[in-house]
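An overview of the molecular structure
This is what each chain is made of:
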Amino acid sequence: MLSVSSVLLAQKERLKVELSSSASVSSNSELNPLWSYSNQWGIYSQYEQAELVVHGKAKYDLLDKDSVDLQVGLGVVGSTNFDHSMIHEAYLKGRFYMIDFTVGMEAFSPLAKYDDLTSGSYLMSSNARPTPRIGVGIFDWWSIPYTFDWLQIKGGCYLGMLFDEDNPKYTKDVILHEKFAYGRLGGWYVKPYLGLVHSVMMGGTSPDGEDIPIDFWASFLGKGSEKFRDTSIRGEATNAAGGHQGLWDMGLDVDFVGNKMHFYYQRMFKDNGGTKPFGTLNKDHIMGIHVSFNDSKWLSAISLEWMRTSDQLGDGTPDPIGYDKNGNLIAVYPGDVPLDDNGFWKWINSHFTQADIEAWENETGWILNQWCYLKFLREHWDNGPHGGRKNYLNNGLYYQGWSAGGLSIGTPLFHSYTTQVKYMNGEGKTPNYAFFTNNRVDAITVGLSGGDGNRLSYRLKYTFSKNHGSLCEKYEGGAFGLHRFEDYFYTTSKKEHYIVINADYKLSESLSINAMLSADWGELYDAVALRIGAKYNIRVKR
């Protein structure tokens, strides 16, 4: 990477400017190694074999007082791949007492703490370019008064837009709302915490021109909305309105002899499936530990993480589906079956014969009624328990899912359809029902960082992954499909390795040079990339 930066030192800095440039080349003409571009705010291209990038950003303090501060920032990216050149950041941010706020596009996430050594945040990560949004909250731990630091909280709420990108499958004018809320017991050297993260897409115009209704508070609370009742997406009337992703995050922050340890256990969920933080239904998780050492130079931090997203509540269709007595394939959404006696039996008799009902009752010993009809549908159609195929970071209303600029705004370990086509080489099939066609991943990530404590620093990260594709992509018809593709690409799982090492060397207080070597290899593709660069900082005091 070639970088250029300039600095004027001061005790209190008013202006910070960073100029950097980089040159990179990859051995693969279509795919760059994963860690060469991931978790870097979308600055580097994932597909350009050779690229020159110039990145400049500046931050200016408009106000800096004890109880209030205000800053404005701007960042631009220029690339030999002109389509990748962009205004990267443009924001106004500040603080009023303990309340933080931001307006615009800022390369910042209060949840992205160790993205350089781990696989990155599952939601609200540093992987893709910043999207325009307004945010307010307490972005770091704050002690509730008179609790002597024993009760601490943090949280925030964002409202913004996804980019309208040039893809005919994308839903346009999509609103993205994100929020998080955490509580922690402080006051001791072991600090347990629990948090909830929620991300929801709402509104927009579908590719066929249909306006998707907006019911903000229903989407905010994850509830159904009657605004969807008479639309083609009536399921949103009883399901949660919009597209939802969530994450339970729990763990321990530990201080010991000046060293710090962070243990975390996270459980992702989608819509209302697997939402209980301690339930046994949801088998997917992210578990990790990050340790930073106070007096160690060459090994200043180490992390170990295990991510599993391969279960997604199983192969069962999201809702019951099967053929009725008339030979019609029907999907039964929540709210489709009336629960009053007359309406219930009218619906049942229009789709099933008396012989169907009696055979099931004789076999199970149950009497069919409004409270056990789901059991009847599941066992009569014999296609497994419904409520599965959660299809993380994808959504049926929003093809682009949780992505920006072609990259996930969550974990980078999921592969898009564009990426998968490049490494499939015409082998097997994936039908492209959604943006992320490989989102069932089991992965171990190890990260190390350190240096000489003066001029030289390094970061090393290695990931081993088993990739299983998508539960929706392997069925004809997607989420509600009943028949598997015989030549599905991920009929068997594929193993892949990702590794990167970064080194930075300070030539002076304002100038540094850096290099990155990364490689991917395994059953998906092989690639090796080198980037060299320099960085020049300018800091102007008051």
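Presented here is an overview of the structure given in this document. (Residues numbered from 1 in each chain as written. Predicted model: local features only at pLDDT ≥ 70, side-chain atom pairs only at ≥ 80, totals over all residues. Heavy atoms only, no water.)

Assigned secondary structure in the protein consists of six helices and 27 strands. A compact globule built from 542 residues should have a C-alpha radius of gyration of about 24 Å, and the protein, at 25 Å, falls within 12% of that. Principal-axis analysis of the C-alpha atoms places the extent of the protein at approximately 85 × 60 × 45 Å. When each of the 542 residues of the protein is scored for burial, the buried share is 51%. Expressed as a percentage of contacts within the protein between residues at least 6 apart in sequence, the contacts between residues at least 24 apart total 62%. As displayed, the protein has an accessible area near 24,700 Å², and 58% of this comes from carbon and sulfur atoms. The centroid of the 51 positive side-chain charges in the protein is displaced by 7 Å from the centroid of its 62 negative side-chain charges. (Helix = DSSP H or I, 4+ residues; strand = E, 2+ residues; numbered from the N terminus. Rg over C-alpha atoms; globule rule 2.2 N^0.38 Å. Buried < 20%, exposed > 50% of the residue type's maximum accessible area, 1.4 Å probe, protein only. Contact = heavy atoms within 4.5 Å. Areas by Shrake-Rupley, 256 points an atom, 1.4 Å probe, with all protein chains shown as cover. Lys, Arg positive; Asp, Glu negative; His and termini not counted. Charge placed at Lys NZ, Arg CZ, Asp CG, Glu CD.)

On to helix H3 (residues 341-351). Taken residue by residue, H3 has Gly343, Phe344, Trp347, Ile348 and His351 as its buried positions. Around the axis of H3, the buried residues are gathered within 125° of arc, so they sit on the same side. Across H3 from its buried face, at more than 90 degrees, point the exposed residues Asp341, Asn342 and Lys346. Looking at the buried side of H3, the elements it contacts are strand S16 (329-331), helix H4 (354-364) and helix H5 (373-381). (Arc of directions from axis to C-beta.)

Time to look at the nonpolar core. One finds Tyr122, Phe180, Val197, Leu413, Phe414, Tyr423 and Tyr525 to be the most contacted residues of the largest nonpolar core, which totals 66 residues. With residues near it in sequence (within four places) discarded, Val197 still touches Leu111, Leu123, Met124, Lys179, Phe180, Tyr182, Gln245, Gly246 and Leu247. Ranked by size, the runner-up nonpolar core spans 15 residues in total, among them Val332, Trp360, Leu368 and Leu377. (Core = buried A, V, L, I, M, F, W, Y, C linked by side-chain atoms within 4.5 Å.)

The next thing to look at is the environment of Thr118. Mapping Thr118 onto the fold places it in the loop between strand S6 (99-105) and strand S7 (133-143). As for Thr118 and Leu304, which are separated by 186 residues in sequence, their C-alpha atoms are 7.4 Å apart. Setting aside its immediate chain neighbours within four residues, Thr118 contacts Trp35, Asn39, Tyr264, Ser303, Glu305, Thr445 and Lys461. Reaching out from Thr118, the side chain makes a polar contact with the backbone oxygen of Tyr114 at a distance of 2.9 Å. A distance of 3.1 Å separates a polar side-chain atom of Thr118 from the backbone nitrogen of Gly120. (Polar contact = N/O pair within 3.5 Å; in protein donor to acceptor, adjacent residues only side chain to side chain.)

The residue Gln245 is located in strand S11 (residues 243-256) in this model. Taking the relative accessible area as the measure of exposure, Gln245 reaches 0% and is therefore buried. If we ignore the near neighbours within four places in the chain, the residues touching Gln245 are Tyr122, Leu123, Val197, His198, Ser199, Phe269, Lys270, Asn391, Tyr392, Leu393, Asn394 and Trp402.

Inspection of every chain in the model, using the stated rule, returns 13 salt bridges. When the shortest N-O distance is used, the salt bridge between Glu13 and Arg539 registers 3.5 Å. Here the residue Glu13 occupies a position in strand S2 (residues 13-26), and Arg539 occupies one in strand S27 (residues 527-541), the gap between them amounting to 526 residues. One salt bridge connects Arg184 with Asp253, and the closest N-O pair in it is separated by 2.8 Å. Taken together, the residues span a long stretch of sequence, with Arg184 in strand S9 (residues 175-185) and Asp253 in strand S11 at a distance of 69 residues. The class of Arg184 is buried, set by a relative accessible area of 11%. A single salt-bridge network, built from bridges that share partners, covers Glu13, Lys16 and Arg539. (Salt bridge = Lys/Arg side-chain N within 4 Å of Asp/Glu carboxyl O.)

On to unusual backbone geometry. A positive phi angle is found at Asp173, which is not glycine, with a value near 55°. Among the secondary structure elements, Asp173 is positioned in the loop between strand S8 (151-161) and S9. Not every positive phi belongs to a glycine, and Asn432 is a case in point at roughly 65°. Summarising the element assignment, Asn432 is placed in the loop between helix H6 (417-424) and strand S20 (436-438). You can call Asn432 buried: its relative accessible area is 11%.

All quantities given are derived from atomic positions and should not be read as evidence of function.
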